[in-house]
There are 2 protein chains.
Amino acid sequence: MDVQRLELLRELADRGSITAVALATHRTPSAVSQQLKVLEREAGLPLTQRHGRGLVLTDAGRALARSATDVAVSLAKATALWDEFRNNATGEVSLVTFPTAGQMLLPGVIKNLGPGLVLNCADEDPELSDFPALTAEYDIVLAHSMSGQLSWAGRGLTVVPLMTEPLDVGLPVGHPLADRAWVRPSDLIGETWIGVSDGYPFERILHAIEQEAGAHLSMAQRFADLALIESFVIAGLGIALVPRYTSSGGQPGRLVLKPLRGIESQRQIVALMRPDRAERLAVRTVLDALRAQALQVQHSHTVK
Amino acid sequence: MDVQRLELLRELADRGSITAVALATHRTPSAVSQQLKVLEREAGLPLTQRHGRGLVLTDAGRALARSATDVAVSLAKATALWDEFRNNATGEVSLVTFPTAGQMLLPGVIKNLGPGLVLNCADEDPELSDFPALTAEYDIVLAHSMSGQLSWAGRGLTVVPLMTEPLDVGLPVGHPLADRAWVRPSDLIGETWIGVSDGYPFERILHAIEQEAGAHLSMAQRFADLALIESFVIAGLGIALVPRYTSSGGQPGRLVLKPLRGIESQRQIVALMRPDRAERLAVRTVLDALRAQALQVQHSHTVK
DNA sequence: CACGTCCATGTAGCTAGTCTAAATAATTCA
DNA sequence: TGAATTATTTAGACTAGCTACATGGACGTG
């Protein structure tokens, strides 16, 4: 009963093809195939079965892969333990983020990391990418979900909440509502909206506003890039839901943010990880820094 | 970070010497020494240090060995899971017992085990042996402790309670107390006692009786073998504390058992195991059979 | 429908890691 | 001091697992 082989099975469960596993583990597909065959012979029952030109796991294979995760976790814990023993939170950690979270958190995090710990960051368009799938490639995946609703649960991934960010209504300077302390759904009847990317829980909140206000809202445009959206709002072409900490609201000459009362308008920013990777000391250190930075961002906004 | 090497470290923690580990793992001491050296180099800090002609683990070594146990447990769980998948509770399970528990439980257990599951039993004198140490050699160690007091805790072993057996006062037929339903400590003043082996919590209960009755008790003999003790009691040479389910009490012409009231007089029979071995499907199956048998023994005695 | 592509697997040979065997060093016990 | 016990070192053998290459289905496409 070899751990290496179990690990390969787990990778197969995550990546779906021998070739992908081989690529990820720096081996030839032949080597992977051979090892899985040995595992299957040891197990005494088929773990994979052909499906088209690829293959899929059998029920037994999936079950075994699941417990392989537990093995990987306890192994990672052992490694982390002795890294702690040596006070040695070094190594490389890879991270993907969607743009706004990266802009808000990463610079501060990287500044606060000790020497020997390198954080390799990348960004992915939240519209296009399947966040859970990215955990195969990256140690940490920054994702967001609507408040409460944990869309990431149930796949065996570790989810660490980092912060909740309010989504405010962005208005142009001089807008009739601009001198209010906050706005309510009913205030927003008749406005033209600039839609944001699918990555934000925009649709949900828009529908909630419609339901609350009892009227239909019209959407003029739909953009992914926040700066683009802001420029439209500033130009008076509509209003938009923008994340409070990431927008340029508050700066002179830019747009004005108003909290939305009466409905819950926020997004959860979380870190998604494979359970075993979450145990690595270096990863946990980065996670701590992320949480600290998130707290600081929130704090600096409430004080202001 | 190799599991095999971690396993070796764990064995070293359990067995205390390279030679013992080598013997247990069917290797030469040289191989073990080399592997541990590699592990130590990977770890980056000393895991062992010389002590006389042998060696002892450092703090780091012990810590690492502990987490190695977790790894072994999750691995054993994986193996068990797929054994369940195949409905395959087969293999060999080794067990040591002290004589009375073996006599009471093992015949029934072995009868009820399915084919393909072999249970290799041995017995050890409870006086001479260190029960926890036996878990290195045997999958299951049947041990006993005084009620409540879990003397086996804290060593990282899995403890599964099997039954609690009352310790009754054994009297010769025709003894003045023989027609009573039960006896109390004060009834026993002036009697001569036949001491049982240290394996039973004899001393404790004897002291409790003395304290309760407020008098000193005299002990005539001290034997380990229950049959021998019984023969002395039957011959009228004294009375003794005997385990209710194991003695021959109740059979015609033998001795008479009387429950002891006023103090707690019983022993706990438990199974001791290394955590990883406790996860094996075959071991769990044997354990289930042990519990069932224990229940049946208790039941057959309460009905009668 | 034949061709190129993609994916898994089989075969042969090489390499690296792990074992044994025997010698060495250090310590304890008699 | 000599015998016994224990860990370690070294050299050499063995073997598990890898790569390179070839094979054989399955899919899509001109």
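Residues numbered from 1 in each chain as written. Chains lettered and ligands numbered in written order. Predicted model: local features only at pLDDT ≥ 70, side-chain atom pairs only at ≥ 80, totals over all residues. Heavy atoms only, no water.

## Some points on the overall build of chain A
Defined as follows: In DSSP terms, a helix is any run of H or I states spanning at least four residues, a strand is any run of E spanning at least two, and both are numbered starting from the N terminus. In this scheme, a residue with accessible area under 20% of its type's maximum is buried, one over 50% is exposed, and one in between is partly exposed, where area comes from a 1.4 Å probe on protein chains only. Contacts are assigned to residue pairs that have any heavy atoms within 4.5 Å of one another.
A count of helical and extended segments in chain A gives 10 helices and 11 strands. With the C-alpha coordinates of chain A rotated into their principal frame, the extents come out at 75 × 50 × 30 Å. When the 304 residues of chain A are sorted by exposure, 50% land in the buried category. Contacts in chain A between residues at least 24 apart in sequence constitute 76% of all its contacts with a sequence separation of at least 6.

## Description of the interface of chain A and chain B
Worth spelling out the cut-off: Accessible-area loss on putting two parts together, using a 1.4 Å probe and summing over both, is the definition of buried area adopted here. Any pair of nitrogen or oxygen atoms within 3.5 Å is treated as a polar contact; in protein, a donor-acceptor pairing is required on top of that, and neighbouring residues in sequence qualify only through side-chain atoms on both sides. The residue classification treats Ala, Val, Leu, Ile, Met, Phe, Trp, Tyr, Cys and Pro as nonpolar and Asp, Glu, Lys and Arg as charged. All others, Gly included, are polar.
Residue-level contacts link 22 residues of chain A with 22 residues of chain B. For the pair chain A and chain B, the summed buried area comes to about 2,000 Å², and 83% of that belongs to carbon and sulfur atoms. It is Met1, Trp82 and Phe85 of chain A that lose the most area in chain A upon contact with chain B, and together they represent 29% of the buried surface on that side. On inspection of chain A and its partner chain B, the count reaches five residue pairs in polar contact (both at pLDDT 80 or more). When contributions to the side of chain A that touches chain B are tallied by element, the ones reaching two or more residues are α1 (3-15), α3 (29-43) and α4 (59-85) of chain A. Residue composition of the side of chain A that touches chain B, grouped by class: 14 nonpolar, four polar and four charged.

## Quick notes on the relation of the copies chain A and chain B
Convention followed: Copy-to-copy alignment: least squares on C-alpha atoms, limited to residues at pLDDT 70 or above in both.
With an RMSD of 0.2 Å, chain A superimposes on chain B once it is rotated by 180° and translated 0.1 Å along the axis. Taken together, the rotation and translation relating the two chain copies correspond to the operation of a two-fold axis. For chain A, the residue whose C-alpha comes nearest the rotation axis is Val71 of chain A, separated from it by 3.1 Å. Both copies share a contact surface, since 100% of the interface residues of chain A are interface residues in chain B too.

## Section: the protein's contact with DNA strand C
Here is the rule: One heavy atom within 4 Å of a molecule or strand makes the whole residue count as near it.
Near DNA strand C lie 22 residues; those nearest to it are Thr19, Ser30 and Ser33 of chain A together with Arg27 and Thr28 of chain B. The sugar-phosphate backbone supplies 75% of the atoms of DNA strand C found within 4 Å of the protein. Residue Ile18 of chain A places a main-chain N or O atom 2.9 Å away from a phosphate oxygen belonging to DNA strand C. Thr19 of chain A has a polar side-chain atom sitting 2.3 Å from a phosphate oxygen of DNA strand C. Elements with a minimum of two residues in the surface near DNA strand C: α2 (18-24), α3 and β2 (54-57) of chain A together with α3 (29-43) of chain B. Take the surface near DNA strand C: its biggest share by element is five residues, from α3 of chain A. Among the residues making up the surface near DNA strand C, the classes are represented as four nonpolar, 12 polar and six charged.

## Here we look at the protein's contact with DNA strand D
In the neighbourhood of DNA strand D, 22 residues make up the surrounding shell, with Arg27 and Thr28 of chain A together with Ile18, Thr19 and Ser30 of chain B lying closest. In DNA strand D, the atoms that sit within 4 Å of the protein are 70% sugar and phosphate, with bases accounting for the remainder. Here a base nitrogen of DNA strand D and a side-chain polar atom of Ser30 of chain A are 3.1 Å apart. For the surface near DNA strand D, a count of residues per class yields four nonpolar, 12 polar and six charged.

## Some words on the domain arrangement of chain A
Going by this rule: Residue ranges assigned to the domains are those given by an automatic or database domain assignment.
The domain architecture assigned to chain A consists of domain 1 (3-83), domain 2 (87-153 + 268-303) and domain 3 (165-266). On a C-alpha basis, the centres of domain 1 of chain A and domain 3 of chain A stand 47 Å from each other.

## Focus on empty space enclosed by the protein
Any empty space left between the atoms is revealed when a probe the size of a water molecule rolls over them. To keep it simple, the criterion reads: In this analysis a 1.4 Å probe is tested at points of a 1 Å grid over the protein atoms alone, and where it fits but cannot get out there is a cavity; an open set with protein on both sides within 12 Å along at least five of seven lines is a pocket; lining residues have an atom within 4 Å of a point. Grid points are joined across faces, edges and corners, and a volume is the space filled by probe spheres set on the points.
The tally for this structure, following the rule as stated, stands at one cavity of 30 Å³ or more. For the largest cavity, the calculated volume is near 40 Å³. Along its surface, the largest cavity is lined by Ala43, Leu45, Leu47, Ala60, Ala63 and Leu64 of chain A together with Trp82 and Phe85 of chain B. Every element with two or more residues in the lining of the largest cavity is listed here: α4 of chain A together with α4 (59-85) of chain B. Per-element tally for the lining of the largest cavity: the top contributor is α4 of chain A, with three residues. Counted by class, the lining of the largest cavity contains eight nonpolar, no polar and no charged residues.

## Focus on the nonpolar core
Defined as follows: Residues grouped as a nonpolar core are buried Ala, Val, Leu, Ile, Met, Phe, Trp, Tyr and Cys residues, joined through side-chain atoms within 4.5 Å.
One finds Leu9, Leu36 and Leu47 of chain A together with Leu9, Val32, Leu36 and Leu47 of chain B to be the most contacted residues of the largest nonpolar core, which totals 46 residues. For this core, the secondary structure elements donating two or more residues are α1, α2, α3 and α4 of chain A together with α1 (3-15), α2 (18-24), α3 and α4 of chain B.

## Topic: the side chain of Asp83 of chain B
All names here are of chain B. Position of Asp83 among the secondary structure elements: in helix α4. Overall, the relative accessible area of 13% leaves Asp83 in the buried class. In terms of polar contacts, Asp83 uses its side chain to reach the side chain of Arg86, at 3.1 Å. In this structure Asp83 touches Asn88 and Leu281, once residues within four positions along its chain are discounted.

## Some thoughts on the packing of α1 of chain A against α3 of chain A
For any two helices packed against each other, one specifies the crossing angle of their axes together with the interaxial distance. Residues and elements named next belong to chain A. This is how the line gets drawn: For helices, the fitted line uses only the C-alpha atoms of the stretch in contact; every axis is such a line through C-alpha atoms, and the angle between N-to-C directions lies from 0 to 180 degrees. Angular relationships are summarised with four words: roughly parallel below 35 degrees, roughly antiparallel beyond 145, roughly perpendicular across 65 to 115, and oblique for the angles in between.
α3 packs onto α1 with a crossing angle of 110° between their chain directions and a minimal axis gap of 9 Å. Overall, the two elements α1 and α3 adopt an arrangement that is roughly perpendicular. Seen from α1, the contacting residues are Arg5, Leu6, Leu8, Leu9 and Leu12; seen from α3, they are Val32, Gln35, Leu36, Val38, Leu39 and Glu42. Here the residues of the contact of α1 with α3 sort into eight nonpolar, one polar and two charged.

## Things to note about the environment of Ser186 of chain A
Residues and elements named next belong to chain A. As for its placement among the helices and strands, Ser186 is situated in the loop between β6 (158-171) and β7 (192-195). Given the relative accessible area of 40%, Ser186 is considered partly exposed. Along the backbone, Ser186 and Glu210 are 24 residues apart, and their C-alpha atoms lie at a distance of 8.6 Å.

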